[in-house]
Amino acid sequence: MSERYIGLMSGTSMDAIDAVLVRVGEDGCVLEATRSHPIGPRTLSGMRRLVEHPEDAGLEVLGELDVAMGRDFGEAALALLGDSDVAPGDVRAIGSHGQTVMHSPRLDHPFTMQIGDPNVIAVTSGIATVADFRRKDLALGGQGAPLVPAFHQAVFGSPDEHRAVLNLGGIANLTLLSPDGAIAGFDTGPGNTLMDAWTRRHQGRPYDEHGSWAASAPLNDGLLQELLGHEYFDRPPPKSTGIEEFNLLWLQGILDGLSKPVAPESVQATLCELTAISVANSLTAACPTSGRLFLCGGGARNQALVQRLGAHLETWRIEPTDALGIGVDWVEAAAFAWLAHRRLENLPGNVPAVTGASREAVLGAVYAA
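Residues numbered from 1 in each chain as written. Predicted model: local features only at pLDDT ≥ 70, side-chain atom pairs only at ≥ 80, totals over all residues. Heavy atoms only, no water.

**Q** It is not clear to me how the overall build of the protein chain should be interpreted in this structure. Could you clarify?
**A** Per the secondary structure count, the protein chain includes 12 helices and 12 strands. On C-alpha atoms alone, the protein chain measures out to a radius of gyration of 20 Å, which is about the 21 Å that the 2.2 N^0.38 rule sets for 369 residues. Its C-alpha atoms give the protein chain principal-axis dimensions of about 60 × 50 × 40 Å. Expressed as a percentage of the 369 residues in the protein chain, the buried residues total 53%. Intrachain contacts of the protein chain at a sequence separation of at least 6 include 68% that bridge at least 24 residues. If you sum the accessible surface of the protein chain, you get close to 15,400 Å²; carbon and sulfur atoms cover 49% of it. Positive and negative charge centroids in the protein chain, built from 26 and 44 side chains respectively, lie 1 Å apart. (Helix = DSSP H or I, 4+ residues; strand = E, 2+ residues; numbered from the N terminus. Rg over C-alpha atoms; globule rule 2.2 N^0.38 Å. Buried < 20%, exposed > 50% of the residue type's maximum accessible area, 1.4 Å probe, protein only. Contact = heavy atoms within 4.5 Å. Areas by Shrake-Rupley, 256 points an atom, 1.4 Å probe, with all protein chains shown as cover. Lys, Arg positive; Asp, Glu negative; His and termini not counted. Charge placed at Lys NZ, Arg CZ, Asp CG, Glu CD.)

Next comes the structure, spelled out in structure tokens:
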């Protein structure tokens, strides 16, 4: 018997809150409705300052943004239900990922922090909310990320072929699904985060639509090789990363060290290639065989990036997750709705082979409405 859940997701790019209404049951996860809900301008501005300059933010700023994001998440859930003519009482729970403001799994005391107070979400929406999915895995010695591979296996796995799922969010993460049911996965490095930040700086736009700016200029090979020198790319799985490692400060330091300046459009082309080649190298190393690669996340709409992926992965058939029943924009939000279902059914949500945790665990905490 299937039940309705809402999944809420705001990724590294912070372009909007992705909200989905799904039915979860033994037959998997079926999408019923979707909504891209704006983050309030003041909240978005504060979030960007917090993430890009955490050293300047005090506890008061962090606490206020936690509540503001919680309200935005709750309003996104209500707006989704309004679009769908579904009552809050018809939804068993909301699964909210929250907005990541820092992910530091390699410290002496590793931690990850997502804000968007689930108490506020539950009260605003009138629906029980499941949140704080990552920290149990960290407590068990894992990376706390990526958490979507278990969902990918449940809804996208096949006994007949090798499949890979690539989420091109701010950070790119890859899931490998073998016909025998084995699952592997890790963050490959930057997805859209550097391209988005560079576009905001030089063009005042939130992102490079369709990758047209990146496609307008040649890449710079010297810059590319310097970028590929980041030790993350040689780090063995389990591994995860974030804007703590891949950000404009890191990029600018490399640009400043080059013998000649690089035109902004060539930097953008090079950042596009960095994402493509780091994904391709990771996939080829982890899965030498060929198969089908399914793309999701905002980067799946970046035509320049998809073209470069195809150039590096000629033996893989590349297509969007729409082919498997969930559109590219909604996979991660659906995953956290599914994880909420796992929590309420006391079923594990992590894959220790992916995160490095010492065991499987039920993830998330429940906040009553």
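**Q** Looking at this model, I keep getting lost on the sheet that holds strand β11 (residues 317-320). Mind explaining?
**A** As a general point, the strands of a sheet are linked pairwise by backbone hydrogen bonds and lie either parallel or antiparallel. An order of β9-β8-β7-β10-β11 is seen for the five strands of this open sheet, with the pairing classed as mixed. Each edge of the sheet is formed by a strand with only one pairing partner; in this case those strands are β9 (183-190) and β11. With strand direction ignored, the average angle separating the axes of adjacent strands in the sheet is 20°. As paired elements, strand β7 (residues 163-168) and strand β8 (residues 171-177) share six bridges and run antiparallel to each other. (Pairing = 2+ DSSP bridges. Axes fitted to C-alpha atoms, helices over the stretch in contact; angles between N-to-C directions.)

**Q** Just to check I follow, could you spell out unusual backbone geometry for this structure?
**A** In terms of backbone geometry, most residues other than glycine have negative phi values and most peptide bonds are trans. The amide bond that connects Ala145 to the next residue, Pro146, takes the cis arrangement and shows omega of -15°. Topologically, Pro146 is positioned in the loop between α4 (135-139) and α5 (149-156). Put simply, Pro237 and Pro238 share a cis peptide bond, and its omega is 0°. Relative to the elements of secondary structure, Pro238 occurs in the loop between α7 (221-227) and α8 (248-257). For Asp132, which is not glycine, the phi torsion reads 55° and is therefore positive. Along the chain, Asp132 turns up in the loop between β6 (129-131) and α4. The exposure class assigned to Asp132 is partly exposed, which follows from its relative accessible area of 28%.

**Q** So what exactly am I meant to see when it comes to the side chain of Thr199 here?
**A** Relative to the helices and strands, Thr199 is located in helix α6 (residues 193-203). Residue class for Thr199 comes out buried when judged on its relative accessible area of 0%. A polar atom in the side chain of Thr199 sits 2.8 Å from the backbone oxygen of Met195. If sequence neighbours within four positions are ignored, Thr199 has contacts with Gly204, Arg205, Tyr207, Asp208, Trp213 and Gln268. (Polar contact = N/O pair within 3.5 Å; in protein donor to acceptor, adjacent residues only side chain to side chain.)

**Q** When you look at the packing of aromatic side chains in this model, what are you seeing that I'm missing?
**A** Two measures describe an aromatic ring pair: the distance that separates the ring centres and the angle between the ring planes. Scanning the entire structure with this criterion turns up seven aromatic pairs. Ring plane angle 40° and centroid distance 5.5 Å describe the contact between Phe233 and Phe246, whose orientation is recorded as tilted. Of this pair, Phe233 sits in the loop between α7 and α8 while Phe246 sits in the loop between α7 and α8, and the two are 13 residues apart along the sequence. When its relative accessible area of 18% is taken as the criterion, Phe233 is described as buried. The buried category is assigned to Phe246, whose relative accessible area is 0%. Of the aromatic side chains, those joined through ring pairs into one cluster are Tyr232, Phe233, Phe246 and Trp250. In this structure, Lys239 is placed above the aromatic ring of Tyr232, and the distance from its NZ or CZ to the ring centre is 4.4 Å. (Phe/Tyr/Trp six-rings, centres within 6.5 Å; stacked < 30°, edge-to-face > 60°. Lys NZ or Arg CZ within 6 Å of the ring centre and 35° of its normal.)

**Q** Whenever I open this one, the packing of helix α1 (residues 41-52) against helix α2 (residues 59-84) confuses me. Can you help?
**A** The relative placement of two packed helices is expressed as an angle between their axes plus a distance between the axes. At a closest axis distance of 10 Å, the pairing of α1 and α2 adopts a crossing angle of 135°. Relative to α2, the element α1 lies oblique. The hand of the α1/α2 crossing is left-handed. Residues Arg42, Thr43, Gly46, Met47 and Leu50 of α1 form the contact with α2, whose own contacting residues are Leu62, Glu64, Leu65, Ala68, Met69 and Asp72. Across the contact of α1 with α2, the residue classes break down as six nonpolar, two polar and three charged. (Parallel < 35°, antiparallel > 145°, perpendicular 65-115°, else oblique. Left-handed = near helix turned anticlockwise from the far one by under 90°. Nonpolar A, V, L, I, M, F, W, Y, C, P; charged D, E, K, R; others polar.)

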